[in-house]
Amino acid sequence: MRVLFLDLDTLRPDHLGCYGYLRDTSPNIDRIARQGVRFDQYYCPNAPCLPSRASLVSGRYGIRNGVLGHGGTAADMRPYGKGRDFRSQHDENGLWYQFRKAGFHTASISTFAERHSAWWFNAGFHEWYNVGAKGDESAEEIMPIAARWLNEHAAEDNWLLHINFWDAHTPYRAPASYGEPFAGQPLPDFYTPERYERQKSMAGPFTLQDQNMYDGNADPRYPRQLGTARSYEDMRRILDAYDTGIRYMDEQIGLLLDILKRQSVLDDTAVIITSDHGESMGELGIYSEHATADEAISHIPMIIRWPGGQRGTVDTAFHANVDLAPTIAELLRLPAYEEWDGKSYARTLLTGEQSGLPYVVLTQCAHVFQRAVRFDRYLYIRTYHCGYHLFDEEMLFDIQNDPFETQDLKDRLPELCDRGAHLLSRWVEGMLQKTPRLADPLWTAVQEGPPHHCEGQLAAYCVRLEQTGRAEAAARLREKYPEEL
């Protein structure tokens, strides 16, 4: 058996044709979706990049594995502690090691481990290829290695190749020679000149005036990435740049599939397509970043074409990325690791039987401190540090009817806020009971200071807000976080 694992950074499912997007961004991904199972409510429970992949490979939520942020104590895996064997039991029961245990030769083409000093990510790979740009590389730097590997090994049996593409991650970097494939094409109805006018004065990193996080500067190395959106047309350019990155990445995927086809192994190769997190495109006023614990960031694609499995089916149950490790173990007929938090959905792939979660808890500790619960058609968000966006402490959105999170319903539906708060509290208590004597890393992060991407930024950002007509927001932030000035 052969497995091609496509790890596509920062990919929103609703910007893919197979998930209903109106633009033709993903013909090759769509083709695999038609041949396999598409999961419609799949989530990264810990965002963004580092904590998401920690939960993916460990099969454990960040509250238990320790990784919830991009800096400080909560950026490192918790040590196993007393009882650790000669080699870590957690490493040897991670996602990639499942393939090793089943006799697979495993290889990865990814700079993720070096980007975040997350060397545990490579546990279980026989080979690891690092192009050396720490996540700043484009697909044309990855493809020669990937193509060479497949041309040399595709016809062999029992291999796993993991490939990490970054082209949908900021800064949007598709080569200038690729052109503007979406210029002038329609956008979803949400994006109107009126929307631009309502959002242009919002405060916070990666709002329309501050596309360079805390200022409006543009990097000449990345001409597709705006520093500030001065008009509705600039807002359109943000969407175009993101979609162009997806389309460019999808074309590289098509080239990989062509190699498998030429080697006469495409139909017998399992293909797994997923992402670490999504990307804000106007939700909560944020564009071009993955800074919150909301639907835009936490909802991710999961498409699996498994030989002998279901074809052209859709699963609508809730799942989290911690579920993949136990799923792969069951598919490969291996025992489950007792420390996994995830729940296998192997039967969904093989028989179509749906067996998901009643709700999913989401956490973000890199740009903000937030926890959220995605249940029924609702999203409840609890904010402990707003990352300078001036979010309310509680927010409630009807994701089914308001997918762009424009109407906060907490005052109209307080009983649903109470339900979300109850589910969140019960979940945290249950997770901590599974990890006795260890603190919740969210509160460790809170005690260590502001979120990592906010450190040392507030004073200068308040000055910028005043200089750009947003003095009221500056005053509120100074009042809210005086200790950070």
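What comes next concerns the included structure. Quick caveat: nothing in here was measured; it's all calculated off a predicted structure. (Residues numbered from 1 in each chain as written. Predicted model: local features only at pLDDT ≥ 70, side-chain atom pairs only at ≥ 80, totals over all residues. Heavy atoms only, no water.)

Here the focus is the overall build of the protein. When helices and strands are counted, the protein shows 16 helices and 15 strands. Here the protein has a C-alpha radius of gyration of 22 Å; the compact-globule value for 485 residues is 23 Å, and the two agree. Counting every position in the protein, which comprises 485 residues, the buried fraction comes to 63%. Once local pairs closer than 6 in sequence are excluded, the contacts in the protein between residues at least 24 apart make up 68%. As presented, the protein carries roughly 18,500 Å² of accessible surface, and 47% of it is formed by carbon and sulfur atoms. Mean positive and mean negative side-chain charge positions of the protein (50 and 69 charges, respectively) differ by 3 Å. (Helix = DSSP H or I, 4+ residues; strand = E, 2+ residues; numbered from the N terminus. Rg over C-alpha atoms; globule rule 2.2 N^0.38 Å. Buried < 20%, exposed > 50% of the residue type's maximum accessible area, 1.4 Å probe, protein only. Contact = heavy atoms within 4.5 Å. Areas by Shrake-Rupley, 256 points an atom, 1.4 Å probe, with all protein chains shown as cover. Lys, Arg positive; Asp, Glu negative; His and termini not counted. Charge placed at Lys NZ, Arg CZ, Asp CG, Glu CD.)

With that out of the way, let us pick up the packing of helix 7 (residues 139-153) against helix 9 (residues 232-262). Direction vectors running N to C along helix 7 and helix 9 enclose 10°, while the axes themselves pass 10 Å from each other. In terms of their interaxial angle, helix 7 and helix 9 are classed as roughly parallel. Each of Ala139, Glu140, Met143, Ala146, Ala147, Leu150 and Asn151 in helix 7 lies in contact with helix 9, whose residues at this interface are Tyr248, Gln252, Leu255, Leu256, Ile259, Leu260 and Arg262. Grouping the amino acids of the contact of helix 7 with helix 9 by side-chain chemistry returns 10 nonpolar, 2 polar and 2 charged. (Axes fitted to C-alpha atoms, helices over the stretch in contact; angles between N-to-C directions. Parallel < 35°, antiparallel > 145°, perpendicular 65-115°, else oblique. Nonpolar A, V, L, I, M, F, W, Y, C, P; charged D, E, K, R; others polar.)

The end-to-end C-alpha distance of helix 7 is 20 Å, a good match for the 21 Å that 15 residues give at a rise of 1.5 Å each. Among all positions of helix 7, only Ala139, Ile142, Met143, Ile145, Ala146, Ala147, Trp149, Leu150 and His153 are buried. Of the surrounding secondary structure, the elements contacted by the buried residues of helix 7 are strand 4 (105-109), strand 5 (127-129), strand 6 (159-165) and helix 9. (Expected span 1.5 Å × (residues − 1).)

Summed over all chains, the structure comprises 30 salt bridges. Linking aspartate 276 and arginine 53 is a salt bridge whose minimum nitrogen-to-oxygen distance equals 3.2 Å. Residue aspartate 276 is located in the loop between strand 7 (269-274) and strand 8 (280-281), and its partner arginine 53 is located in helix 2 (residues 49-58); the two are separated by 223 residues in the primary sequence. With respect to class, aspartate 276 is no different from arginine 53; both count as buried. Lysine 434 is the partner of aspartate 341 in a salt bridge, and the nearest nitrogen-oxygen pair spans 2.6 Å. Placement of the pair is aspartate 341 in the loop between helix 11 (324-331) and helix 12 (346-351) and lysine 434 in helix 13 (residues 414-434), with a sequence separation of 93 residues. Taking relative accessible area as the criterion, aspartate 341 reaches 13% and is therefore assigned buried. (Salt bridge = Lys/Arg side-chain N within 4 Å of Asp/Glu carboxyl O.)

With mixed pairing, 8 strands are arranged side by side in an open sheet as 5-4-6-1-7-10-2-11. Since the sheet does not close on itself, it has two edges, and those belong to strand 5 and strand 11 (313-320), each with one partner. Along the sheet, successive strands turn relative to each other by an average axial angle of 15°, direction set aside. Inspection of the sheet shows strand 1 (residues 2-8) paired to strand 7 by 6 bridges, in the parallel sense. (Pairing = 2+ DSSP bridges.)

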